[in-house]
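# Topology and contacts: notes
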Amino acid sequence: MDKELLAMLVCPLCNGKLKYDREAQELCCHYDGLAYPIQDGIPVMLPEEARVMDADEKLPISPGRKGEA
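Here's a quick rundown of the structure. (Residues numbered from 1 in each chain as written. Predicted model: local features only at pLDDT ≥ 70, side-chain atom pairs only at ≥ 80, totals over all residues. Heavy atoms only, no water.)

So, on to the pattern of salt bridges. Where charged atoms of side chains with opposite charge meet at close range, the side chains can pair. Taken as a whole, this structure holds 2 salt bridges when the rule is applied. In this structure, the salt-bridge partner of glutamate 26 is arginine 51, at a minimum N-O distance of 2.9 Å. Remark: arginine 51 occurs in strand E5 (residues 51-52) and glutamate 26 occurs in strand E2 (residues 26-29); sequence separation between them is 25 residues. The class for glutamate 26 is buried, based on a relative accessible area of 10%. On the basis of relative accessible area, arginine 51 is assigned to the partly exposed category, the value being 31%. Through salt bridges that share partners, Glu26, Arg51 and Glu57 make up one connected network. (Salt bridge = Lys/Arg side-chain N within 4 Å of Asp/Glu carboxyl O. Helix = DSSP H or I, 4+ residues; strand = E, 2+ residues; numbered from the N terminus. Buried < 20%, exposed > 50% of the residue type's maximum accessible area, 1.4 Å probe, protein only.)

Moving on: the nonpolar core. Formed by Leu9, Cys11, Leu18, Tyr20, Leu27, Cys29, Leu34, Tyr36, Ile38, Met45 and Ala50, the largest nonpolar core amounts to 11 residues. Among the elements of the structure, E2 and strand E3 (34-39) are those that each provide at least two residues to this core. With 3 residues, E3 is the single largest residue contributor to this core. The residues touching tyrosine 36, leaving out its near neighbours within four places in the chain, are Cys11, Pro12, Leu13, Leu18, Gln25, Glu26, Leu27, Val44, Met45, Leu46, Pro47 and Ala50. (Core = buried A, V, L, I, M, F, W, Y, C linked by side-chain atoms within 4.5 Å. Contact = heavy atoms within 4.5 Å.)

Right, let's get into the environment of glutamate 57. By the secondary structure assignment, glutamate 57 is in helix H2 (residues 55-58). Distance in space between the C-alpha atoms of glutamate 57 and glycine 33 is 8.0 Å, their sequence separation being 24 residues. Side chain to side chain, glutamate 57 and arginine 51 meet in a polar contact 3.0 Å long. (Polar contact = N/O pair within 3.5 Å; in protein donor to acceptor, adjacent residues only side chain to side chain.)

Okay, the environment of leucine 6 next. For leucine 6, the location among the structural elements is in helix H1 (residues 3-8). The sequence separation of leucine 6 and lysine 17 amounts to 11 residues, and the corresponding C-alpha distance is 9.5 Å. Those residues in contact with leucine 6, other than ones at most four positions away along the chain, are Met1, Tyr20 and Leu27.

Fair warning: the whole summary comes from geometry, so function is off the table for now.
This is the structure:
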């Protein structure tokens, strides 16, 4: 994912910052709890196409949570 494009993209609902999940190929808004898919290198920024994140995914990962399952 292009870093310049990533810097310009915001959540379409709250205009908040998105976190890129390279492994899942998603852009995540932890405030709204939505994960927007990236398909063929193109972010799909439609709320109706986003996946609702579970409670554990919404929480920021702190150093104390590393390695917890």
